[in-house]
Amino acid sequence: MTTQEQKLEEAAILDVVKGVYEAWNNADPDAFVAEYFEDATAVLPGSYLKSRQGIRDAMAFSFNGPLKGTRSSDKVLDVRLLNDDAAVVISETGILIPGESEAPPERTVYATWVLAKKDGKWLLAAYSNSPSVGPGQS
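Residues numbered from 1 in each chain as written. Predicted model: local features only at pLDDT ≥ 70, side-chain atom pairs only at ≥ 80, totals over all residues. Heavy atoms only, no water.

J.: Could you give an account of the sheet that holds strand E2 (residues 47-49), naming the residues involved and the relevant values?
T.: Pairing is mixed across the open sheet formed by six strands, whose spatial order is E2-E1-E6-E5-E4-E3. Because the sheet does not close on itself, it has two edges, and the strands there are E2 and strand E3 (71-83). Between one strand and the next, the sheet's axes are offset by a mean angle of 15°, whatever the strand orientation. Across three bridges, strand E1 (residues 36-44) lies against E2 in antiparallel orientation. Following the sheet pairing, Val43 is matched in E2 by Tyr48. This element, helix H1 (residues 3-25), spans E1, E3, strand E4 (86-96), strand E5 (108-118) and strand E6 (121-131) of the sheet and lies at about 150° to E3. Contacting E1 and E2, helix H3 (residues 52-63) runs over the sheet at an angle of about 55° to E1. (Pairing = 2+ DSSP bridges. Helix = DSSP H or I, 4+ residues; strand = E, 2+ residues; numbered from the N terminus. Axes fitted to C-alpha atoms, helices over the stretch in contact; angles between N-to-C directions. Contact = heavy atoms within 4.5 Å.)

What follows is the structure in structure tokens.
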């Protein structure tokens, strides 16, 4: 793969991640999972979601409950193409409540995104996140 081809692939991968963040900011659970595989998984503190529909339903609940009115701040830390059809993205995401421009450490996570290509299109296969600080830290 040439450097130019790699840059184009990375841009396409980042578009998928950006679309998820935009969907969060619009509180749109359908758009949130639009580029997930049917059998995608999400591991979050205290939960393991085993399908695109399960992830969608959890986000719909959250957008109408504990995450209502929130936005995400996001920073991609690393993009790695594992081969022509698989990639890993590492990001830092904060949950912003209305009026905030920066999330405190207790509402910031490090996330791992696993993407794969299907029919020439990048899709999310798995997502996992971990708090950026441990219990009792800030």
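Text resumes after the structure shown.
J.: Explain the layout of surface pockets residue by residue, including any values.
T.: As a volume, the largest pocket reaches approximately 570 Å³. Forming the walls of the largest pocket are 26 residues, and the residues nearest its centre are Trp24, Leu44, Leu67, Ile95 and Asn129. Those elements that provide at least two residues to the lining of the largest pocket are H1, E1, E2, H3, E4, E5 and E6. The element contributing the most residues to the lining of the largest pocket is H3, with four residues. For the lining of the largest pocket, the residue count by class is 19 nonpolar, five polar and two charged. (1 Å grid on protein atoms, 1.4 Å probe; cavity = no way out; pocket = protein on both sides within 12 Å on 5 of 7 lines; lining within 4 Å. Points joined across faces, edges and corners; volume = space filled by probe spheres on them. Nonpolar A, V, L, I, M, F, W, Y, C, P; charged D, E, K, R; others polar.)

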